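Per-entry structural report
What follows is each chain in one-letter form.
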Amino acid sequence: MPSPTFRLYNTLTHETEPVEPIEEEHLRFYSCGPTVYMYAHIGNFRSFLTADLIRRTAEAIGWDVTNVSNITDVGHLTQDDLVDPGGEDKMQRALEREGERFANIYDLARHYTEAFLEDWGALNLREPEVRPRATEHVTDQLEAVIELVEKEHAYTTDQGVYFSVGSVEDYGHLSGNTEAQQLQATERDVVEDPDKRDPRDFALWKHDPQHLMHWHSPWGWGYPGWHIECSVMGMQYLGDRFDLHTGGEDLIFPHHECEIAQNQSLAGHQVVNYWVHTRFLQVEGEKMSKSKGNFYTVRDLIAPDPDDDHVPDSVREQGGVAPLALRYALMQGQYRKPFNFTLDTLHTAARHVRRYQDAAERVDAALAADADGPDELGGRLGPIYDRTLEAMCDDLNTPAATAAALDGVKAIEQTDRLNGATARSARNWLDRTNALLGVVEPEHEADQRTDAGSENGLAPTHLSDSIDTLLEDREAARADGEYARADAIRDTLEALGIEVMDTPDGTEWERREQVG
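Just so it is clear, the model here is predicted, and its values are computed rather than measured.

Overview of the environment of Arg110
The residue Arg110 is located in helix 3 (residues 105-122) in this model. By relative accessible area, which is 45% here, Arg110 ends up partly exposed. The sequence separation of Arg110 and Tyr37 amounts to 73 residues, and the corresponding C-alpha distance is 9.5 Å.

Notes on the environment of Ala267
Relative to the helices and strands, Ala267 is located in helix 7 (residues 252-267). In sequence terms Ala267 and Met235 are 32 residues apart; their C-alpha atoms lie 9.1 Å from each other. Discounting chain neighbours no more than four positions away, the residues touching Ala267 are Met235 and Asp240.

Some words on the state of the cysteines
For the coordinates displayed, the defined rule picks out 0 disulfides. Here Cys32 is not disulfide-linked; the sulfur of Cys230 is the nearest cysteine sulfur, at 3.9 Å. Judged by its relative accessible area of 6%, Cys32 falls in the buried class.

Examining the sheet that holds strand 11 (residues 272-278)
The strands making up a sheet associate through backbone hydrogen bonding, with each pair oriented either parallel or antiparallel. Spatially, 4-3-10-11 is the arrangement adopted by the 4 strands of the open sheet, whose pairing is parallel. Two strands bound the open sheet, and with one partner strand each, they are strand 4 (64-69) and strand 11. With direction set aside, neighbouring strand axes in the sheet form an average angle of 20 degrees. For strand 3 (residues 26-31) and strand 4, the ladder comprises 6 bridges, and the chain directions are parallel. Following the sheet pairing, Tyr30 is matched in strand 4 by Val68.

Regarding helix 3
Counted at 1.5 Å a residue, the expected span for helix 3 with its 18 residues is 26 Å, and the 26 Å between its end C-alpha atoms agrees. When we look at burial in helix 3, the residues that qualify are Ile105, Leu108, Ala109, Tyr112, Thr113, Ala115, Phe116, Asp119 and Trp120. Each buried residue of helix 3 lies within a common arc of 165 degrees when the element is viewed along its axis, so the set occupies one face. Opposite the buried face of helix 3, by more than 90 degrees, sit the exposed residues Glu114 and Glu118. On its buried face, helix 3 sits against helix 1 (42-60), strand 4, helix 2 (90-97) and helix 8 (298-302). The N-terminus of helix 3 is capped by Asn104, whose side-chain oxygen sits 3.0 Å from the backbone nitrogen of Tyr106. Once helix 3 finishes, Asn124 follows within two positions and takes phi at roughly 60 degrees, a positive value.

Focus: the side chain of His256
Here His256 lies in helix 7. Taking the relative accessible area as the measure of exposure, His256 reaches 0% and is therefore buried. In this structure His256 touches Cys32, Leu174, His245, Thr246, Gly247, Leu251, Trp275 and His277, once residues within four positions along its chain are discounted.

Quick word on helix 6 (residues 228-238)
The element helix 6 is extensively covered by neighbouring structure, given that 9 of its 11 residues are classed as buried. For helix 6, the full list of buried residues reads Ile228, Glu229, Cys230, Ser231, Val232, Met233, Gly234, Met235 and Leu238.

What to know about the sheet that holds strand 9 (residues 220-224)
On the basis of which strands lie adjacent, the open sheet formed by 5 strands has the order 5-6-7-9-8 and antiparallel pairing. Only two strands of the sheet have a single neighbouring strand rather than two, namely strand 5 (154-156) and strand 8 (215-217). Across the sheet, the axes of successive neighbouring strands diverge by a mean angle of 35 degrees, strand direction being ignored. Relative to strand 9, strand 8 runs antiparallel, the two being bridged by 3 bridges. Bridge pairing in strand 9 places His216 opposite Trp221.

Some remarks on the nonpolar core
Side chains of nonpolar character tend, in soluble globular proteins, to be buried together. One finds Ile42, Leu326, Phe341 and Trp429 to be the most contacted residues of the largest nonpolar core, which totals 132 residues. When residues in this core are grouped by element, the largest group, 9 residues, is from helix 11 (residues 343-369). Setting aside anything within four residues of it in sequence, one finds Trp429 in contact with Tyr356, Leu381, Ile384, Tyr385, Ala405, Gly408, Val409 and Ile412.

Thresholds applied
Residues numbered from 1 in each chain as written. Predicted model: local features only at pLDDT ≥ 70, side-chain atom pairs only at ≥ 80, totals over all residues. Heavy atoms only, no water. Helix = DSSP H or I, 4+ residues; strand = E, 2+ residues; numbered from the N terminus. Buried < 20%, exposed > 50% of the residue type's maximum accessible area, 1.4 Å probe, protein only. Contact = heavy atoms within 4.5 Å. Disulfide = S-S within 2.5 Å. Pairing = 2+ DSSP bridges. Axes fitted to C-alpha atoms, helices over the stretch in contact; angles between N-to-C directions. Expected span 1.5 Å × (residues − 1). Arc of directions from axis to C-beta. Polar contact = N/O pair within 3.5 Å; in protein donor to acceptor, adjacent residues only side chain to side chain. Core = buried A, V, L, I, M, F, W, Y, C linked by side-chain atoms within 4.5 Å.

Next up, the structure:
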């Protein structure tokens, strides 16, 4: 079957369009990353997941991918302009909040960067080719600001350097804020620099030798504005024409609107062809906020503090949910529609992910046994994968994709005995589905499965962790009268050297000694 056409909704054109890379079959895109002043929450990671799924879908249809995703480790004012130019930013406030935990603001940034990368890996997100940090590119940002001043797209005041919005056409086109009066109304309600020429103009550089992070510039000590870093790092690593840019819907205005203005002023032409934005996430039907007690970071749900009362009891009491369950739950809403995250969704996701894992364990055990027999699954699983890929190519329709893929799990579950040929087809389907959706197993475990030194291809610890799960599945099958399935699970365990003993007190097991 030929690969389906990959289509995404383009915020710039307000249409769902075929993605046509500038370089044939090579997708190059930039993803806005986090500001590292706290643990990232699940709404943040919903946006990062969108970028991950774009990458996986592009690779599934045979494209090469180059992805750049930044770390904002420079503190910025929460508003472009404040009465006091030394006003606080999120990172500075975080340092004050955390007391003596960190030696300085750079230490704080390192800590939360490391935590972010841990959460990123836990959710099975692919690593970008480049992950630049804003502090590593301040000189590059300064050079861009100087160029914008020289091209008369920016000007200086006593308080900083500002981009002149009036110097470019179509400012506001991305967000739909195209009327000057409307744009002024959406500007933050703060006292502005009296020397600004237009209320819409935004900061490229702010004077402030007292700011906790500052660098020397032609205009004195200060620090870069928020918007310039992504323009600079995107073009530095992807060139002055690249395919796609992702981020949360809160970045459409002003951040991405400002990026477009900067990009076109620096390059002299449109730089990015497609802009893809992830909609907000609610929790149990309400906006996520700390005051409502429904503000969840990734680690709140996968590794909760047992003494943290704001974490739901059903999550805290079991020591957290599997990271892939959280990933699966976040995929139950399509990225460009508002998504209501609920505990029911999370726990249902955990059950589905467990089914994937059980299927994978059973398949790997059958591969180890490699019994003769015809392939009973290849003809069924191929079309299921095709439907899954088609859904992902249809503007990342993750609800349809996960529903289609679950049919593949059911097909494996309903196959009473997995011989070698059937297991190979099942493993191929699992690997392709995992590469596309990332919900079958963490990819480092897939590597471990392939490279394990045990004779059956499974690392001993990986096998040990699965035995109880397989026995629970066997007991459930027996309770439902599915005796053929229960016998198949027992055969699977015996093929792995596990002796199953049904006793009056329940089922017990032990490893048989290997002979020879």
